[in-house]
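Listed below, chain by chain, are the residues.
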Amino acid sequence: LIAETVVDAPGFRESTGQGFNSCAKYIFGGNKVRNAGGGFLGIGAKSQDQSEKMAMTAPVRVSGTSVPTSEKMAMTSPVRVAGGTGKTRVSFVIGSKYNLKNVPKPLDKIVRLKEVPSHILAARTFNGPPPKDERVEKERAKIEEALEGADMKVSGDGKTMVYGYHDPFITPNLLRKNEVAVMVDPSSVVE
């Protein structure tokens, strides 16, 4: 289960701040608590305006459909990518005690709740500040090369995901953990 917002801005790094702030407001109390049956408390009820502060979880996920910056070539030469197309998704993972029936409702209409189906990712991990589009492009190319060498395929949706496993303010860049990932076509995975 994730809380997600769509930011209308190009690039992964540039769009993260706005999306992060919207999702952070939601988990830190910008929400409305549901009653035990999954509905909202009735009008006039004393706790109608009750909100819930939820735990901050890691990672923060930023994903977008990449923009090709070169021609599509033979499978041995992956298409280069450079950031999102202007619609970048920023999401927080919601704690496991919640589901769509009991998770508080976001007060901000741009924050959406959705279940994420299970999937297989191929990822590269590295330390440093949140990556710029050039770093995301470089890491994605390495992932695609490794998948090709293993006769595996990237899922058809073309999304590149960037995961950040650190707070946005306190952790020094050297200690920040990041990942660039792509979804793997499950039919290409041999068990």
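This structure is a prediction, so every number in the text was calculated from the model and none was measured.

Across its full length, the protein carries two helices and ten strands. When the helices and strands of the protein are placed in sequence order, the string is β-α-β-β-β-β-β-β-β-α-β-β. Residue burial in the protein is summarised as follows: out of 191 residues, 38% are buried. For the protein, the proportion of contacts with a sequence separation of at least 24, taken over those separated by at least 6, is 73%.

The subject of this paragraph is unusual backbone geometry. With an omega of 5°, the peptide bond running from Ala58 to Pro59 counts as cis. The backbone phi angle of Asp151 is positive, close to 55°, even though this residue is not glycine. The residue Asp151 is located in the loop between α2 (133-149) and β9 (159-164) in this model.

Time to look at the layout of surface pockets. Counted as a void, the second largest pocket has a volume near 340 Å³. Every residue lining the second largest pocket is counted, 19 residues in all, and those nearest its centre are Thr16, Phe20, Pro130, His166 and Pro168. For the lining of the second largest pocket, the elements supplying multiple residues, two or more each, are α1 (12-27), β3 (60-68) and β9. Across the lining of the second largest pocket, the residue classes break down as ten nonpolar, six polar and three charged.

Enumeration over the complete set of coordinates arrives at seven salt bridges. The shortest N-O distance in the salt bridge between Glu4 and Arg61 comes to 3.9 Å. One end of the pair, Glu4, is in strand β1 (residues 2-7); the other, Arg61, is in strand β3, with 57 residues separating them in the sequence. By relative accessible area, which is 5% here, Glu4 ends up buried. Exposure remark for Arg61: the relative accessible area of 10% places this residue in the buried category. The shortest N-O distance in the salt bridge between Arg135 and Glu139 comes to 2.7 Å. Taken together, the residues span about one helical turn, with Arg135 and Glu139 both in helix α2 at a distance of four residues.

This paragraph deals with the confidence of the model for the protein. Model confidence for the protein is summarised by a mean pLDDT of 80, while 81% of its residues fall at 70 or above. Across the protein, element-level confidence peaks in strand β8 (residues 121-127) with a mean pLDDT of 95 and bottoms out in strand β4 (residues 81-84) with 36. Every residue in residues 42-46 scores below 50 in pLDDT, and together they form two contacts with partners more than four places removed in sequence or on other chains. Note on residues 67-83: pLDDT is under 50 here. Beyond four places in sequence and across chains, it has 29 contacts.

The next point concerns the nonpolar core. Membership of the largest hydrophobic core comes to 27 residues, with the highest contact counts inside it found for Tyr26, Phe92 and Ile94. Of all the secondary structure elements, the ones that give two or more residues to this core are β1, α1, β3, β5 (88-93), β8, α2 and β10 (177-183). The element best represented in this core is α1, accounting for six residues. The residues touching Ile94, leaving out its near neighbours within four places in the chain, are Leu1, Ile2, Ala3, Tyr26, Ile27, Thr57 and Val103.

The next subject is the packing of aromatic side chains. Inspection of every chain in the model, using the stated rule, returns one aromatic pair. Residue placement shows Arg135 over the ring face of Phe126; its charged tip is 3.9 Å from the ring centre. The side chain of Lys177 reaches across the aromatic face of Tyr165, ending 4.6 Å from its centre.

Reading the values: rules and limits
Residues numbered from 1 in each chain as written. Predicted model: local features only at pLDDT ≥ 70, side-chain atom pairs only at ≥ 80, totals over all residues. Heavy atoms only, no water. Helix = DSSP H or I, 4+ residues; strand = E, 2+ residues; numbered from the N terminus. Buried < 20%, exposed > 50% of the residue type's maximum accessible area, 1.4 Å probe, protein only. Contact = heavy atoms within 4.5 Å. 1 Å grid on protein atoms, 1.4 Å probe; cavity = no way out; pocket = protein on both sides within 12 Å on 5 of 7 lines; lining within 4 Å. Points joined across faces, edges and corners; volume = space filled by probe spheres on them. Nonpolar A, V, L, I, M, F, W, Y, C, P; charged D, E, K, R; others polar. Salt bridge = Lys/Arg side-chain N within 4 Å of Asp/Glu carboxyl O. pLDDT = per-residue confidence, 0-100. Core = buried A, V, L, I, M, F, W, Y, C linked by side-chain atoms within 4.5 Å. Phe/Tyr/Trp six-rings, centres within 6.5 Å; stacked < 30°, edge-to-face > 60°. Lys NZ or Arg CZ within 6 Å of the ring centre and 35° of its normal.

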